[in-house]
Amino acid sequence: MSADKRKHGSLDSFVTITKNALMTHSSSEQVELDSSEIVSIEVTHPADTEAEEPENNSSSNLNQNLVIIDSHPDTHQNDIGFHLSLRTSITDETKYELLTKPFRPDKKYTFPNQEGKNGTIRRFMPTWLVQHSFLSYSPYYEGAFFSACSLFSSLASNQSTSIFISYPCSRFHHLKHFTTHIKIHLNSGSHKLATTRATSFIRTFENPSSGIDYQLDRNRIEMIEKNKSILLSIIKVVIACARQNIALRGHRGEDITSIREHIDAIGMPSGSNFISLLKQRIDAGDQLLQSHLTKGPRNSTYTSPSIQNELIELIYEHILSTILCRVGPTTLYSIIVDGTTDSSNIEQLCLLIRYVDSHTNEIHEDFLGFVPTTSSTGEAIVEHILSCLKRFKLSLANCIGQAYDGASCMSGIFKGCQAFIKRFCPDAEYMHCSSHALNLALIDSTSSFIRNTFGIIKSVINFFSDSPKRTNALKYEIERPDNDYLILTKKKRLVSLCETRWVERNVAIETFLELYIPISNTLDVLRIEGDSSSQQLYHPVNSFETIVCTCITSFLLSEITPLSRLLQTSTIDFGVAHQHVLSLLKTFDIRQTNASDYFKNIVFEQAIEVAKELFVQPEVPRSYQRRNGQSILDPEEFYRDHVFLPFLIELKANVDKRLSVFSHTRIQLLTQVRPECITAAACSTTELYKKLKQEFSERLPQPLQLFGEVERWKIECIDLMKKPNGYNLWMSDLLTKCNPVFYPNIHFLLVFLATLPVTTSSAERAFSSLKRIKTYCRSTMVEDRLNGLAVAFIHKNVEINPHKILDLFVQRNQRRFDFGL
């Protein structure tokens, strides 16, 4: 995400005011002509590298240079060029036919060649007619006109030299710099006026009773542009607040009277954030907005909470449509669902989908929304999920995976959510979140020694964090220049132990171990000063059992932390994750085989150094000797055999057991297609072909070509493995190297593997955003507003086009302002 250019990431983007605000148009709008409704939109294309200014030839010269070809006399009825050549008045019926049913060249139509000075040949592109509505091709001149401009532009009579109006786009230099010429024309005032007139004319012609006059005057055009400019300013403020998670409203409702007081006030608070940002735009030079808020009608300011909610809802629909456009009718996807309670004590289900973008080969885990629920049963949750999938028009047949945590209502094999989902989506395999599984493996592996150590560390951390006086005392001890011990850390404070993620406790334990000596000395100082709580903690901290168990925990958790970080990546696939799990298990085997050397030289030596600084004598716990009746004189042997090795063996067994999802038959089979697996000596091409055909024959695009593809893909992977960084490629890179034209079946199988969800970490990240959005002060937020703000805040890489929001807003309901509809 760091590479994305977030256009709305800064508050400066919505306070930039265009000087010519009355005639500002979006550069991403396009005119679309439909038989039932016409919406005026414009599209601009990047300018050519060699820009050329339009010619300023005289009218007489242009008329003399017009070459009449008339290659299709039978098209005169719908040929805009032929009717313009007659130089007679055109009836309304003919205008309607030229606008709605112009001549359209078919695929067999041959466009004439235009030769340049250097002999280069160019010809008209039929795609230009598709990209630009109202652009009509004339076989009479073998060139293009804008029919709306030719028929309704006021400039057509006194500026006949204008290209696309009275002069067709047909010459070589016109075709060479077509993008530049059409961009200039689309941004001209005459084109905008003519397009509006043509649109109104078509509606009036089709429905004469509507009473709309297509001869719009310039005053109304300017009024429409003024109204759009005002509404665009308000929309940009709402978008900026949603992007930055800024509360729009103040602590009390604001009517138009209070808004005008805040707008006119100088040097006083400006009310809510929404009003403050509107005032910032006014201070930046938006005079239209200022006039609207201070002198405009009181019943149509477009700043009320209901308008804000409507705009936020439109932002949600706009972003969601952008996301769902990436998911085609045949795109495979998986669902990720998790639940939490928000600040208003409402149970919220978080729904995400995981899929592969067919255009970029990137893996996406996109948040779709929060769904409130009053029941946590598997059947109730499934109803919400299926309702959302139906509302988003996602085919159940394309759902191939589902990922939840280990709660019984989600993972139950009879009445769990995953069991109900499989009734509707038989291919949707349930995947237990790997991060949760790793967390459970750690919990199951802790012995009494480790649990006691965690309890002591947690008590010490709470002891210092609950009092600023104690925190400052620890900080002074760390920074004291005359201390006689060495601290190889820049950390100045302790980190709290995570209650849910045991792997995340490694940071807290490492910090505690690095600050162990200052902690002990601070407790000693505080207990001398009469702090009874420090007296209770001083002796456990200065116990050799606590010291060595802290070292054991810190070093073993450091082996798991990289895997935990990796599993939380949204773009990881089971192939890469499985390789790293195997690597971790091999590391544990090495630690167990070399337990004597590793424990003595790494773990126990660190414990001895800390104990030496604290004047603590290494010894075996007396309670253990009394309870077991054994006399063990060597502390190293005791802590290695009774603490380190049992913890290591249990941890290795539980990681292998809990992450058994990697051993799933379908995952194991799909993983064999990866380069590092298919090139292994034990991999048989024939056996792999038979298993893949048996498992995926109904879904493969070309199953008869599978065997040949597997052989060719294996040869390709052998060459790929010889290149640097060819091992354990991430799926997005691997899909790029697997050409879907040469390997359609292999590409499909890799996409299938990439679509399967590994963890639910993306849902938990959405919960973090939920806590920042729906705070205690905003706990009464309605669900539609919550989803709109959440989607805008989470999907910062999705562009929000204010002009698209404006179009949706204007078309939804009738408005008091005139927006040209």
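Analysis parameters
Once a new chain begins, its residue numbering starts again from 1 and follows that chain's sequence as written. Reporting in this predicted model follows two pLDDT cut-offs: at least 70 for local features of residues, and 80 or more for side-chain atom pairs to be given and counted; totals over whole chains, interfaces and linings ignore these cut-offs and use all residues. In computing side-chain properties, one takes all heavy atoms of the structure into account and sets aside hydrogens as well as water. Secondary structure follows DSSP: runs of H or I at least 4 residues long count as helices, runs of E at least 2 residues long count as strands, and numbering of each begins at the N terminus. Burial classes follow relative accessibility: with a 1.4 Å probe on protein chains only, a residue under 20% of its type's maximum area counts as buried, one over 50% as exposed, and anything between as partly exposed. The criterion used for residue contact is that any of the two residues' heavy atoms lie within 4.5 Å. Under the pairing criterion, centres of Phe, Tyr and Trp rings, with the six-membered ring standing for Trp, must be within 6.5 Å; the plane angle then separates stacked pairs below 30 degrees from edge-to-face pairs above 60, leaving the rest tilted. In our convention, an over-ring charge means Lys NZ or Arg CZ found within 6 Å of a ring centre and within 35 degrees of that ring's normal. A pair of strands counts as paired when DSSP detects no fewer than two bridges linking them. Axis definition: a line fit to C-alpha positions, over the contact stretch in the case of helices; interaxial angles, taken between N-to-C directions, run 0 to 180 degrees. The span expected for a helix works out to 1.5 Å for each residue beyond the first. We define a polar contact as two N or O atoms separated by no more than 3.5 Å, with the added condition that, inside protein, one atom must be a possible hydrogen donor and the other a possible acceptor, whereas residues neighbouring each other in sequence contribute only through side-chain atom pairs. pLDDT measures the predictor's confidence residue by residue and takes values from 0 up to 100.

### Considering the overall build of the chain
Moving on, step 1. When you go through the chain residue by residue, the secondary structure sums to 36 helices and nine strands.
Moving on, step 2. For the chain, with 821 residues in total, the buried portion stands at 52%.
Moving on, step 3. Looking at the chain alone, contacts between residues at least 24 apart form 71% of all its contacts between residues at least 6 apart.

### Things to note about the packing of aromatic side chains
Moving on, step 1. Applying the stated criterion across every chain yields a total of 37 aromatic pairs.
Moving on, step 2. Here the aromatic cluster, defined as three or more aromatic residues joined through ring pairs, consists of Phe103, Tyr109, Phe111, Phe124, Trp128, Tyr137, Phe146, Phe164 and Phe178.
Moving on, step 3. Over the ring of Phe454 we find Arg505, and its NZ or CZ is 5.3 Å from the ring centre.
Moving on, step 4. Note that Arg591 overlies the ring of Tyr598, its terminal NZ or CZ placed 4.4 Å from the centroid.

### Observations regarding the sheet that holds strand β5 (residues 333–341)
Moving on, step 1. Read from one edge to the other, the open sheet built from five strands follows the order β7-β6-β5-β8-β9, with strand pairing classed as mixed. For this open sheet the edge positions go to β7 (363–373) and β9 (429–432), each flanked by a neighbour on one side alone. With direction set aside, neighbouring strand axes in the sheet form an average angle of 25°.
Moving on, step 2. Of the pairings in the sheet, the one linking strand β6 (residues 347–356) to β7 comprises ten bridges and is antiparallel in character. Along β7, the bridge assignment pairs Leu352 with Phe367.
Moving on, step 3. On the sheet, helix α16 (residues 417–424) packs against β5, β8 (399–404) and β9 and is oriented at approximately 175° with respect to β8.

### Re the pairing of β9
Moving on, step 1. The alternating pattern of β9 places Glu429 and Met431 and Tyr430 and His432 on opposite faces, both of which are buried.
Moving on, step 2. Taken together, the four bridges between β8 and β9 define a ladder with parallel strand orientation. Bridge pairing in β9 places Gly401 opposite Glu429.

### A look at the pairing of strand β4 (residues 143–146)
Moving on, step 1. Covered by surrounding structure in β4 are Gly143 and Phe145 together with Ala144 and Phe146, the residues of both alternating faces.
Moving on, step 2. Sheet analysis places strand β3 (residues 135–138) next to β4, joined by four bridges and oriented antiparallel. By the bridge assignment for β4, Ser136 is matched with Phe145.

### Observations concerning helix α24 (residues 574–593)
Moving on, step 1. Between its first and last C-alpha, α24 extends 28 Å over 20 residues, near the 28 Å set by a 1.5 Å rise per residue.
Moving on, step 2. Those residues of α24 that sit buried are Phe574, Gly575, Val576, Ala577, His578, Gln579, Val581, Leu584, Leu585, Thr587, Phe588 and Arg591.
Moving on, step 3. Sitting at the head of α24, Asp573 places a side-chain oxygen 2.8 Å from the backbone nitrogen of Gly575.

### Concerning the confidence of the model for the chain
Moving on, step 1. For the chain, the average pLDDT comes to 83, and 85% of its residues sit at 70 or higher.
Moving on, step 2. Residue range residues 1–64 is modelled with pLDDT below 50. Its contacts to residues more than four positions away, or to other chains, number 136 contacts.
Moving on, step 3. Here residues 155–161 scores under 50 on pLDDT; set against residues more than four positions off or in separate chains, the count is 14 contacts.

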